[in-house]
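Here are the chains, one letter per residue:
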Amino acid sequence: MTPTTLIVDDHESFRAGARRLLEAGGLEVIGEAADAEAAIAAVDRLRPELVLLDIDLGHDSGFDVARRLTQGDDSPDVILISSHEYSDFGAEVAACGARGFVAKDALSVAAVRRALG
Amino acid sequence: MTRTTARWTAVALLAAAVGAVDILLAVGSEHTIDRGGFLAAVLGVGWSFAATGVYAATKPETRRIGRLMMFAGFAWLGTGLFSSDVPAVFISGGLLGVLSYGFLAHMLIAFPDGRVHNGLDRGVVLAAYASVTVGQLLPVLFFDTTASADCIGCPPNPLLVQADNGLAETLFAAQAALGSLVIVVLVVALVRRWRATPAGGRVGLAPVLWAGVALLGLQAVLLAASVIGPESPAIATSATQSSSVFFASWVPFAPVTLAFGIGLLRGRVSRGQAVSDLIGRFSEQRGPEAMRVALARALGDPSLALGRWDPVAECFIDTGGEVICLGQDPALQLTEVEHDGHVIGAIVHDAALAGDDELIRSVCSAAALALENERLTSEVRANVAELRASRARIVAAGYEQRKQLERDLHDGAQQRLMAVGMSLQLARMKAGAGSAEVPELIDEAIADLSAATAELRELARGIHPAVLTNLGLGAAVKALVARSPTPVKLGVAGGERLPPAVEAAAYFVIAEALTNVSRYAQAARAEVHVVRSDGHVRIEVIDHGRGGADAARGSGLRGLADRVAALDGELRVTSPVGVGTTVSAWIPCAS
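This section reports on the structure supplied with the text. The structure presented is a predicted model; accordingly, all values stated were derived computationally and were not measured.

Parameters and conventions
Residues numbered from 1 in each chain as written. Chains lettered and ligands numbered in written order. Predicted model: local features only at pLDDT ≥ 70, side-chain atom pairs only at ≥ 80, totals over all residues. Heavy atoms only, no water. Pairing = 2+ DSSP bridges. Helix = DSSP H or I, 4+ residues; strand = E, 2+ residues; numbered from the N terminus. Axes fitted to C-alpha atoms, helices over the stretch in contact; angles between N-to-C directions. Contact = heavy atoms within 4.5 Å. Buried < 20%, exposed > 50% of the residue type's maximum accessible area, 1.4 Å probe, protein only. Phe/Tyr/Trp six-rings, centres within 6.5 Å; stacked < 30°, edge-to-face > 60°. Lys NZ or Arg CZ within 6 Å of the ring centre and 35° of its normal. Parallel < 35°, antiparallel > 145°, perpendicular 65-115°, else oblique. Left-handed = near helix turned anticlockwise from the far one by under 90°. Polar contact = N/O pair within 3.5 Å; in protein donor to acceptor, adjacent residues only side chain to side chain. Core = buried A, V, L, I, M, F, W, Y, C linked by side-chain atoms within 4.5 Å. Arc of directions from axis to C-beta. Salt bridge = Lys/Arg side-chain N within 4 Å of Asp/Glu carboxyl O.

Some points on the sheet that holds strand S2 (residues 28-33) of chain A
Residue and element names in this part refer to chain A.
Then comes step 1: Taken in spatial order, the 5 strands of this open sheet run S2-S1-S3-S6-S7, and their pairing is parallel. Two strands bound the open sheet, and with one partner strand each, they are S2 and strand S7 (100-103). Put simply, the sheet's adjacent strands are angled 25° from each other on average, direction ignored.
Then comes step 2: As paired elements, strand S3 (residues 50-54) and strand S6 (residues 77-82) share 5 bridges and run parallel to each other. If you follow Val51 over to S6, its bridge partner there is Val78.
Then comes step 3: The strands that helix H5 (residues 109-116) touches are S3, S6 and S7; relative to S7, the one it contacts most, it runs at about 160°.

Quick look at the structure:
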C-alpha cells in the first residue's frame, strides 16, 4: 500500500528530511504544507489519502486542523506527529478524528503503517 | 530643691513675713478700729492670692497670670501697713491697698495666659492702673489725715502738699467715678470675651469670670454709694470703715482666689485631657479628616481646618484637597505646625484661641507628630506598592524567559537533532544496499549535530555563560565584545571578583545594551566601561547612534532595571534623539 501523502509541519528542515525518509521507505509524498491554511488548501487541491500532521504548527493547532480535515465523508487519514510524547496530549489525539500518533524521532514508514492499523 | 522651687519658697516666706508684720502693726495700732476683722480680711485675701499666685507661677503656662496674682496678694498684704503709727509706713499702706484693684482688673482681663490681646482690653487695664496709682496719689497729696473724721487717731500724712480736705474729697470722688466706669467697661469686656470664646476655652474661664464680675459689680455699687453717700471714699476702703461695710466689700475677694485656682486647674485639666485624647485618636490613624475632627473637638472649634504643607505648590492643602487661603477673615488665625525645624502643616482656627498659647502649642506638637506619622506611612505604603509591583514583574519576566527557552530549544536544537536521527535512519536503509548516498547522509548528520551543539551552547550562554562563572565579569564582557557585530571599545576595571549576583546583573545589562546597539542604534561604534569604586560598580554602555530609545518600551531593559533594583542598585537610560544612547547602571557591592 502506498498512500499519497501530504506532510504538514512548520519546520522546513523537518519536512525535507521526513520526505526523503518516507519516500525511501515507499510512501508517495505529493505535497508539503507549513501551516493550517496551507494544509487545508493542499488537501482540497491534491486530495491526499494520508496526511502527516504536526501537532505544534506555531500559531496553529494541529488538533484543530485534524478536526477540520476529518469532518467530511471523503476525508484523508490523519496521523499526528510531534516532537513531544504521546502522553503529553492524552485524549486529544483520539478526540480530534486522527487515526493515530507517531513521535517525530521514531518516524519511519513502518511506524506510519502501524499507526494506520 | 531646684532653683525655681527655692525662689518661690522664698517668695512664700516673704508673704508670711509681711503678714506677720501686718499682725504686729495692727496689734500696736492706735487708729485701727476693728483689728480682728481688718487682719482677717487683709491676711485672708492677701495670703490666698499670694499662695495661689506662687503656685500658678511655678507652672510655665500659668507663670504670667500667677505673677499678677502674687502682686495683687502682696499689695493686699501691704494694706496692713496702714495700721502703723509711723507716718511713712502708714501712708504706704494707704497707697498699696488700692493697687490690688489694678492687679485684679489686669488678672481678669488677662486670664488665663496672663496676656492682654487687644486695644480695648489694654485701654481698660491702663485706665484701671491709672485710677489706682495717679488717681490715688493725687487726692492723698491734699488729704490731711489728722483732720479727717474718717481717720480718727491717724498719724500725719508725710506726702501732704497742701491741706485741703475738700479738694481731696472731690478728687477721691473723681477717682471713684473713674473706678466705677472702669469696672463697667471691664464687665462689658469680660462678657464680650466670654461670648467670643469657643466652647473648649470656656471651661476654665467660667468660674473666674463669674466670681470676678460679681466682685466688681459689688465694688461698683459700693463706690457709687460712697460717692453719693455719707462716708468718704478711697481710704474708706481701709480699716477706718465700719466692719460690716468693710467685710461686705472684702469677702467676695476670697472666693475670687478660689475661683482663679479652680479656673486654672480646670483649664489645665481640660487641656491636658484634650491633648491626651487627641494623641489617643491620632494613634488610630484614620486619616487626615479624622485628625481634623479630633483637633476641632480638642480645641472646641468646629470651624478648624488642618492643612499640610505642599512643597511643590508652596501652599497649605487642607484635608479636602483645597488650598488654604490666608488672611481674609480676621476672626480666623493660622498657626503653623513645625517638625524638626520645618513647617509641615498649619491649623486655621478661631482667633480667640490664639490667647491660649499653651493649648495651641501642645495641640500643634501632637498635630506635628501625627502629620509626620501620616507622611511616613504614605511613603512606606508607596514603597511597598512599588516593591510588590517590581517583584511581580521579576517573577513574570522569569516565566517569560523560560517559555522563550522552551521555544528556542524546540525550534532550534531539537529540530536539528531530529534531522540527525532521520539522516542516520536513511543512511542505515541505504547502507544495506551499498548506496553511494551513505557518506553524504552521514556528513549531513555530522553538520546537523554540530549546528545543534552550537545552538545549545548559545542557549546556555543566554541563560548563564560559563565564562562568567569561571573567569568573572571582565573575561565574560571581553567575550561579549568579541562577538558583537558593532565594534566596541572596552574599559574594564580589574580587581577582585564581585559577588555572583552583581556580576550576573552587570553582564546581562551589558549584553542587552549591546544587543540593542546592534539592532537599533545604527551606530558605527560603542563603548563599554566598567568602573569600581567606593563599594559599588558602575557600568556604562554608550553609543552615538540614533538615540530615542524608550526604556519603558524595551521589556528587556525594564526587566534588567528590576533586577538591578532588587540588588539596591539603579539603571538609567538616557537617549536623546539624534545624539545617542547611554545605558548606565550602578550596583552596590559589599566589597
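Description of unusual backbone geometry
Residue and element names in this part refer to chain B.
Then comes step 1: Phi at Gln522 is positive, roughly 50°, even though this residue is not glycine.
Then comes step 2: With respect to the helices, strands and loops of the structure, Gln522 is situated in the loop between helix H16 (500-521) and strand S6 (526-533).
Then comes step 3: Residue classification places Gln522 among the exposed positions, given a relative accessible area of 64%.
Then comes step 4: Unlike most non-glycine residues, Asp568 shows phi in positive territory, near 70°.
Then comes step 5: Topologically, Asp568 is positioned in the loop between helix H17 (555-566) and strand S8 (570-574).
Then comes step 6: For Asp568, a relative accessible area of 61% puts it in the exposed group.

Topic: the packing of aromatic side chains
Here a ring pair, both rings aromatic, is described through the centre-centre distance and the interplanar angle of the planes.
Then comes step 1: This structure, assessed with the given rule, holds 11 aromatic pairs over all chains.
Then comes step 2: Here Trp76 of chain B and Tyr101 of chain B contribute two aromatic rings whose centre-to-centre distance is 6.5 Å and whose plane-to-plane angle is 45°, an arrangement assigned as tilted. Here Tyr101 of chain B lies in helix H4 (residues 87-110) and Trp76 of chain B lies in helix H3 (residues 63-79), a separation of 25 residues in the sequence.
Then comes step 3: Assessed through its relative accessible area of 19%, Tyr101 of chain B is described here as buried.
Then comes step 4: A network of ring pairs unites the aromatic residues Phe63, Tyr86, Phe89 and Phe101 of chain A as a single cluster.
Then comes step 5: The lysine or arginine in question, Lys104 of chain A, covers the ring of Phe14 of chain A, its NZ or CZ lying 4.5 Å from the ring centre.

Some thoughts on the sheet that holds strand S2 (residues 315-318) of chain B
All names here are of chain B.
Then comes step 1: Reading across from one edge, S2-S1-S4-S3 is the order of the 4 strands in this open sheet, with antiparallel pairing throughout. Because the sheet does not close on itself, it has two edges, and the strands there are S2 and strand S3 (332-339). Each adjacent strand pair in this sheet contributes to an overall mean axis angle of 30°, direction not counted.
Then comes step 2: Inspection of the sheet shows S3 paired to strand S4 (residues 342-350) by 8 bridges, in the antiparallel sense.

A closer look at the packing of helix H2 (residues 36-46) of chain A against helix H3 (residues 62-69) of chain A
Residue and element names in this part refer to chain A.
Then comes step 1: Where H2 meets H3, the closest approach of the two axes is 10 Å, and the angle between their N-to-C directions is 20°. Regarding the angle of H2 to H3, the classification is roughly parallel. Seen from above, H2 lies across H3 with right-handed handedness. Counted together, Ala36, Ala39, Ile40 and Val43 of H2 and Val65, Arg68 and Leu69 of H3 form the full contact between these two elements.

Some thoughts on the environment of His529 of chain B
All names here are of chain B.
Then comes step 1: Assignment of secondary structure puts His529 in strand S6.
Then comes step 2: A relative accessible area of 23% means that His529 is categorised as partly exposed.
Then comes step 3: Distance from His529 to Ile510, taken between C-alpha atoms, is 9.4 Å for residues 19 residues apart in sequence.
Then comes step 4: The residues touching His529, leaving out its near neighbours within four places in the chain, are Gly491, Arg538, Ile539, Glu540 and Ile542.
Then comes step 5: At 2.9 Å, the side chain of His529 forms a polar contact with the side chain of Glu527.

Some words on the side chain of Arg15 of chain A
Then comes step 1: Its place among the elements puts Arg15 of chain A in helix H1 (residues 12-25).
Then comes step 2: Beyond its immediate sequence surroundings of up to four residues, Arg15 of chain A is in contact with Ile7, Asp9, Asp10, Glu32, Ala33 and Ala34 of chain A.

Quick word on the nonpolar core
All names here are of chain B.
Then comes step 1: Within the largest apolar cluster, 36 residues are counted, with the highest numbers of intra-cluster contacts made by Leu473, Tyr507, Ile510 and Leu514.
Then comes step 2: Going through the elements one at a time, helix H15 (473-483), H16, S6, strand S7 (536-543), H17 and strand S9 (581-588) are the ones with two or more residues in this core.
Then comes step 3: Here this core gets 13 residues from one element, more than from any other, and that element is H16.
Then comes step 4: Residue contacts for Tyr507: discarding those within four places in its chain leaves Pro465, Leu468, Leu473, Ala476, Leu480 and Arg483.
Then comes step 5: Counting 28 residues, the second largest nonpolar core, distinct from the first, contains Met107, Ile109, Ile183 and Leu216.

A word on H2 of chain A
Each α-helix winds once per 3.6 residues, and so residues spaced three or four apart point in a common direction.
All names here are of chain A.
Then comes step 1: Turning to H2, its buried residues are Ala36, Ala39, Ile40, Ala42 and Val43. Mapping the buried residues of H2 onto a view down its axis gives an arc of 160°, with all of them on the same face. For H2, exposure combined with an orientation more than 90 degrees from the buried face picks out Glu37, Asp44 and Arg45.
Then comes step 2: Close packing links the buried residues of H2 with strand S1 (4-8), S2, S3, strand S4 (56-57), strand S5 (60-61) and H3.
Then comes step 3: With a side-chain oxygen lying 3.2 Å from the backbone nitrogen of Glu37, the N-terminal cap of H2 falls on Asp35.
Then comes step 4: Within two residues after H2, Arg47 carries a phi angle of roughly 50°, on the positive side.

Quick look at the pattern of salt bridges
Two side chains with opposite charge may pair up if their charged atoms get near one another.
Then comes step 1: Using the criterion set out here, one finds 23 salt bridges over all chains in the structure.
Then comes step 2: Lys430 of chain B is the salt-bridge partner of Glu437 of chain B, the closest N and O atoms lying 3.3 Å from each other.
Then comes step 3: Among the residues examined, Glu437 of chain B registers a relative accessible area of 39% and is labelled partly exposed.
Then comes step 4: Among the charged side chains, a network of salt bridges with common partners joins Arg15, Arg19, Glu23 and Glu32 of chain A.

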